[in-house]
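Each chain, letter by letter, is given below.
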Amino acid sequence: MAEENFFERVYVIARQIPFGKVTSYGAIAKALGTARSARMVGWAMSACHNMDDVPAHRVVNQKGLLTGKHHFDGTNLMQQLLENEGIKVVNNQIVDLEKHFWKPEVES
């Protein structure tokens, strides 16, 4: 199925996000050559919540908002995981996003 293949390609990139860094759904889509598929990347990330080797907490929206946080157990688990990596989060948004942003199309 094409969707499963796409999801696996998303996970390959997500696994490369360095500790203490984040990227966006759109940046992953662009790196895959499917710039208009950010929403599909979001679906892939929400489908991987049982995959311990995919750091889904490191994928946020383009403004640094923790839009996927409701897919994590507990109310603030996504934020806690990011803060454990030294990323400050205020009002569900990453502080100083530019400092923490990882561009997969450049660095992968």
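An account of the accompanying structure is given in this report. Values in this document were obtained by computation on a predicted structure and should not be read as measured data.

Okay, the side chain of serine 24 next. Assignment of secondary structure puts serine 24 in strand β1 (residues 23–24). Those residues in contact with serine 24 that sit more than four places away from it in its chain are Val59, Val60, Asn61, Gln62 and Phe101.

Right, let's get into the nonpolar core. By size, the foremost hydrophobic cluster in this structure holds 19 residues, and its most contacted members are Val10, Tyr11, Ile28, Val41 and Met45. Of all the secondary-structure elements, those providing two or more residues to this core are α1 (2–14), α2 (25–31) and α3 (38–47). No other element matches the 6 residues that α1 contributes to this core. For methionine 45, the contacting residues outside a window of four places in its chain are Val10, Ala14, Tyr25, Val54, Ala56 and Val59. Grouped together as the second largest cluster of nonpolar side chains are 9 residues, Val22, Met78, Leu82 and Leu97 included.

Moving on, we come to helix α4 (residues 77–84). For the α-helix, the turn length of 3.6 residues means that residues three or four positions removed from each other point alike. Considered for burial, the residues of α4 that qualify are Met78, Gln79 and Leu82. The buried residues of α4 occupy an angular sector of 95° when projected down its axis, which confines them to one face. Contacts made by the buried residues of α4 are with β2 (59–60), β3 (89–90) and β4 (93–94). Positive phi shows up at glycine 86, right after α4, with a value of about 85°.

Moving on, we come to the pattern of salt bridges. For the structure shown, the criterion picks out 3 salt bridges. With a shortest N-O distance of 3.0 Å, glutamate 8 and arginine 15 are connected by a salt bridge. Overall, the relative accessible area of 35% leaves glutamate 8 in the partly exposed class. Residue arginine 15 is classed as partly exposed on the basis of its relative accessible area of 31%. For glutamate 85, the salt bridge identified is with arginine 58, shortest N-O distance 2.9 Å. Of this pair, glutamate 85 sits in the loop between α4 and β3 while arginine 58 sits in the loop between α3 and β2, and the two are 27 residues apart along the sequence.

Analysis parameters
Residues numbered from 1 in each chain as written. Predicted model: local features only at pLDDT ≥ 70, side-chain atom pairs only at ≥ 80, totals over all residues. Heavy atoms only, no water. Helix = DSSP H or I, 4+ residues; strand = E, 2+ residues; numbered from the N terminus. Contact = heavy atoms within 4.5 Å. Core = buried A, V, L, I, M, F, W, Y, C linked by side-chain atoms within 4.5 Å. Buried < 20%, exposed > 50% of the residue type's maximum accessible area, 1.4 Å probe, protein only. Arc of directions from axis to C-beta. Salt bridge = Lys/Arg side-chain N within 4 Å of Asp/Glu carboxyl O.

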